[in-house]
Amino acid sequence: MTRYDLALIGFGGVNRALAELIAERGSELEDELGFDLRVVAITDLRAGSLVRPDGIDLAALLATAPGELDFSTLEGGSCEPRNQQVIQDGPGDIVVEATFTNPADGEPALSHVRWALEAGKHVCTTNKGPVALHGRVLKELAARHGVGFEFEGSVLSGTPILRTAGRLLAGLRVTGVEGIMNGTSNHILGRLEEGVDFPEAVREAQALGYAEADPTADVEGHDVQLKVMILANEVLGADLRREDVRCGGISHLTPADMRDAASRGLRWKLVGQATRREDGSVDARVVSAALPADHPLAAVSGPTNAVAFHTDLLGTVTVSGPGAGRTETAYALVSDIIAIHQRHGAAGTHHLSKESFRG
Ligand code: HSE
C-alpha cells in the first residue's frame, strides 16, 4: 500500500478541515483509492510547529479548539512556525500549503511552494497568490524536479473547474470563460436582494467562513481577479499579470439597485471574464453586471459558484458547485493528492525520515 506523508503549512480552517477528513475518512480513501494518508508535520503562525515522523495523532489534536492549540506543549513541538526548516528538512512527501493569500506578491506562500518543489516534494495548495502570480515558473520548477504541483482549490474551492477544463474539455477550442467565482460577493448580492444591508451581509459571509481574512478582496473583485488570471493562464494559455485584468466590485450596490434590476428581469452578479481576441491575446476583467434571466450565470445563488466555458464544438458548457467553505476547499486538496498519486504513483513517494531534522 502506498502511503503519503503530509506536511501541512498553515492550520487554519482549510488544513484543519483536511485533517478532519483524513481522521474521519482515511480508511475509506485507502480502500477506494489505494493509498493511505498520514500527517507528519504541521506549522501554523499561532500554534507553532509540530513534527512527528511517525505520524501525528489527529484525533487528539482536533479535540483542542483552534484558538487553544499550542504545539510547544507537545512532543516534537515548538512555539515557532519554522516553515522553511519543516518544508526543506522535515518529513513529508507532499507539502500542503494553505496559508493566507497575499495578492501583492504571493508571499509567504510563494516561498513555501518554492522551497518544497526545490526539495523534491510534491505540493498542493489552495492559495491563489503563488498560482496566479507565479504559476508558470512554479510549474516549470515542479517539472524540473519531477514532482507534482496541484492547485484545484485555488479556483472554486472543491468544484473541479481546472481539471474539468484540463481533462474533460481536451480537444475543444475554448474561446472564453466567464464565471461567478466569489461565494462571499454572491451571498451578499443575494442578501441585498432580500433587503439585508451590505455590512450585515458581509458579517454573515464572514461567519459562514466564505470571506477572505480581509473581505475587501471579496467585495472589490480582487479575489476574482486572481481566479480569472489562473483560469485564463490555465485554460486559454495566457500569461497575465494583475495589471492586465481590470477589476470592479460590488460595494456600490444597494437593495434599491437589486429591486430596480428585478423589475427589469435582471440580477446583479460579480462576473470574472477572460476572452480570446482575434489576434490570439486574451482580454480579462472583473465586472459587476446586471444579467438577463436567460444568462447561464443569472440563476447561480448564494455561495454557489459557476464557470461557463465557451467552446467551438459544444457551445457553452457550464459547471456549477460550491466556491468557498473550509470542507469544500479541503476536498480540493484531497483531489490534488489523488491527482499526484495518479500521475506520480508510488514512485513519487519519498518517505523522508530525515534523521538530521531536529524536532
Ligand atoms: N473568499 C472566497 C469566496 C473563497 O468567497 O469565494 C476563497 O477563494
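Residues numbered from 1 in each chain as written. Predicted model: local features only at pLDDT ≥ 70, side-chain atom pairs only at ≥ 80, totals over all residues. Heavy atoms only, no water.

Attention now goes to the overall build of the chain. Scanning the chain from N- to C-terminus turns up 12 helices and 13 strands. Computed over the C-alpha atoms, the radius of gyration of the chain is 21 Å, within 12% of the 21 Å expected from 2.2 N^0.38 for a compact globule of 359 residues. In terms of overall dimensions, the chain has C-alpha extents of about 65 × 45 × 40 Å along its principal axes. Taken across its 359 residues, the chain has 55% of its residues classed as buried. (Helix = DSSP H or I, 4+ residues; strand = E, 2+ residues; numbered from the N terminus. Rg over C-alpha atoms; globule rule 2.2 N^0.38 Å. Buried < 20%, exposed > 50% of the residue type's maximum accessible area, 1.4 Å probe, protein only.)

Reading across from one edge, β4-β3-β2-β1-β5-β6-β7 is the order of the 7 strands in this open sheet, with mixed pairing throughout. Edge positions in the sheet fall to β4 (77-78) and β7 (149-150), since each has one partner strand and no second. Two elements, strand β2 (residues 35-44) and strand β3 (residues 48-51), share 4 bridges in a ladder whose sense is antiparallel. Bridging from a neighbouring strand, Ile42 pairs with Leu50 of β3. (Pairing = 2+ DSSP bridges.)

Turning next to the side chain of Thr159. Note that Thr159 resides in the loop between β7 and α6 (161-168). Look at Thr159 and you get buried, because its relative accessible area is 5%. When residues no more than four places from it in sequence are discounted, the contact partners of Thr159 are Glu152, Val319, Ser320, Gly321 and Pro322. (Contact = heavy atoms within 4.5 Å.)

Once that is clear, we can look at the site of the ligand. The ligand sits among Lys128, Asn182, Gly183, Thr184, Tyr210, Ala211, Glu212, Asp218, Asp223, Lys227, Gly323 and Ala324. In the environment of the ligand, an oxygen atom lies 2.9 Å from a nitrogen or oxygen atom belonging to the side chain of Lys128. Between an oxygen atom of the ligand and a side-chain N or O atom of Thr184, the distance comes to 2.6 Å. Within the complex, the protein chains bury 88% of what would otherwise be the 260 Å² of accessible surface of the ligand. (Near = heavy atom within 4 Å. Polar contact = N/O pair within 3.5 Å; in protein donor to acceptor, adjacent residues only side chain to side chain. Areas by Shrake-Rupley, 256 points an atom, 1.4 Å probe, with all protein chains shown as cover.)

Let us now look at helix α10 (residues 222-235). For α10, spanning 14 residues, the distance from its first C-alpha to its last is 20 Å, which sits close to the expected 20 Å at 1.5 Å a residue. Counting buried positions over the 14 residues of α10 gives 12, a clear majority of the element. Inspection of α10 places Asp223, Val224, Gln225, Leu226, Lys227, Val228, Met229, Ile230, Leu231, Ala232, Asn233 and Val235 among the buried residues, and these make up the whole buried set. Positioned one or two residues after α10, Gly237 has a phi angle of 65 degrees, which is positive. (Expected span 1.5 Å × (residues − 1).)

Right, let's talk about the pairing of strand β10 (residues 266-276) for a bit. Judged from the 4 bridges that link them, strand β8 (residues 174-180) and β10 form a sheet pairing that is antiparallel. Bridge assignment links Gly179 to a residue of β10, and that residue is Gly272. For β10 and strand β11 (residues 282-292), the ladder comprises 11 bridges, and the chain directions are antiparallel. The residue bridging Ala274 from the neighbouring strand is Ala284, located in β11.

Let's shift gears to the side chain of Asn182. Mapped onto the elements of the fold, Asn182 is located in the loop between β8 and α7 (183-193). By relative accessible area, which is 2% here, Asn182 ends up buried. Within the local environment of Asn182, its side chain forms a polar contact with the backbone nitrogen of Ser185, the two atoms lying 2.7 Å apart.

Here the focus is the domain arrangement of the chain. According to the domain assignment, the chain consists of domain 1 (2-157 + 326-357) and domain 2 (161-322). The centre of domain 1, based on its C-alpha atoms, is set 28 Å off from the matching centre of domain 2. Each partner contributes residues to the interface: domain 1 has 22 residues there, and domain 2 has 22 residues. Summed over both sides, the interface between domain 1 and domain 2 buries roughly 1800 Å², with carbon and sulfur atoms accounting for 57% of that surface. Its salt-bridge partner being Asp223, residue Lys128 comes within 3.0 Å of it at the nearest N-O pair. Remark: the boundary between domain 1 and domain 2 carries 11 residue pairs in polar contact (both at pLDDT 80 or more). Taken together, the residues of the side of domain 1 that touches domain 2 sort by class into 9 nonpolar, 5 polar and 8 charged. (Domains from an automatic or database assignment. Buried area = accessible area lost by both parts, 1.4 Å probe. Salt bridge = Lys/Arg side-chain N within 4 Å of Asp/Glu carboxyl O. Nonpolar A, V, L, I, M, F, W, Y, C, P; charged D, E, K, R; others polar.)

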